[in-house]
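Overview (structure and organization)
These are the residues of each chain, in order.
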Amino acid sequence: MDPATSLATDFVLQGISSDLSSTIEGFSRDDADRYAAASHARAVHAWEQGRFARSVVPVKDQSRLTVLTRDGVPRHRHRSWPV
């Protein structure tokens, strides 16, 4: 990342903006991790119920070959994740 471009466009890396937001709002790392795990668990649950079936389409290359059927996120549910 070019620092001059970042400065000119007010671009902040996701990790830095996350840390800044957490600091300003008073969220701990554990708070953020729990929120992320719960978010992934809800997304996995929605996938399992077919809620994204009509809105997610495969990515194809220029030859029309499918290169990605679905994003790798959310991660598969872990038994300790809330729903």
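What comes next is a walk through the structure. These figures come from a predicted structure and were not determined experimentally.

Rules and cut-offs
- Residues numbered from 1 in each chain as written.
- Predicted model: local features only at pLDDT ≥ 70, side-chain atom pairs only at ≥ 80, totals over all residues.
- Heavy atoms only, no water.
- Salt bridge = Lys/Arg side-chain N within 4 Å of Asp/Glu carboxyl O.
- Helix = DSSP H or I, 4+ residues; strand = E, 2+ residues; numbered from the N terminus.
- Buried < 20%, exposed > 50% of the residue type's maximum accessible area, 1.4 Å probe, protein only.
- Expected span 1.5 Å × (residues − 1).
- Polar contact = N/O pair within 3.5 Å; in protein donor to acceptor, adjacent residues only side chain to side chain.
- Patch = residues over 30% accessible without salt bridge, like charges linked within 9 Å, V, L, I, M, F, W, Y side chains within 5 Å.
- Areas by Shrake-Rupley, 256 points an atom, 1.4 Å probe, with all protein chains shown as cover.

**Topic: the pattern of salt bridges**
Under the definition given, this model contains 2 salt bridges. Of the charged contacts, one joins D33 and R29 as a salt bridge, the two residues approaching to 3.0 Å between their closest N and O atoms. Of this pair, D33 and R29 both sit in helix 3 (residues 29-48), 4 residues apart, which is roughly one turn of the helix. A residue is classified by how much of its surface remains accessible, and R29, at 64% relative accessible area, is exposed. Linking R34 and D31 is a salt bridge whose minimum nitrogen-to-oxygen distance equals 2.8 Å.

**What to know about helix 3**
Between its first and last C-alpha, helix 3 extends 28 Å over 20 residues, near the 28 Å set by a 1.5 Å rise per residue. Regarding helix 3, the residues found buried are A37, A38, A41, V44 and A46. Residue S28 occupies the N-cap position of helix 3, its side-chain oxygen lying 3.3 Å from the main-chain nitrogen of D30. Trailing helix 3 by a residue or two, G50 shows a phi angle of about 75°, which is positive.

**Describing a nonpolar patch on the surface**
On the surface, F11, V12, L13 and I16 cluster together into a nonpolar patch covering about 360 Å² of accessible area. Within the fold, F11 resides in the loop between helix 1 (3-9) and helix 2 (14-25). Overall, the relative accessible area of 40% leaves F11 in the partly exposed class.

**Digging into helix 2**
Taking 1.5 Å per residue, 12 residues should reach 16 Å; helix 2 reaches 16 Å between its end C-alpha atoms and fits that length. Taken across its 12 residues, helix 2 has 1 buried, putting it largely on the surface. With its phi angle positive at about 85°, G26 sits one or two positions after the end of helix 2.

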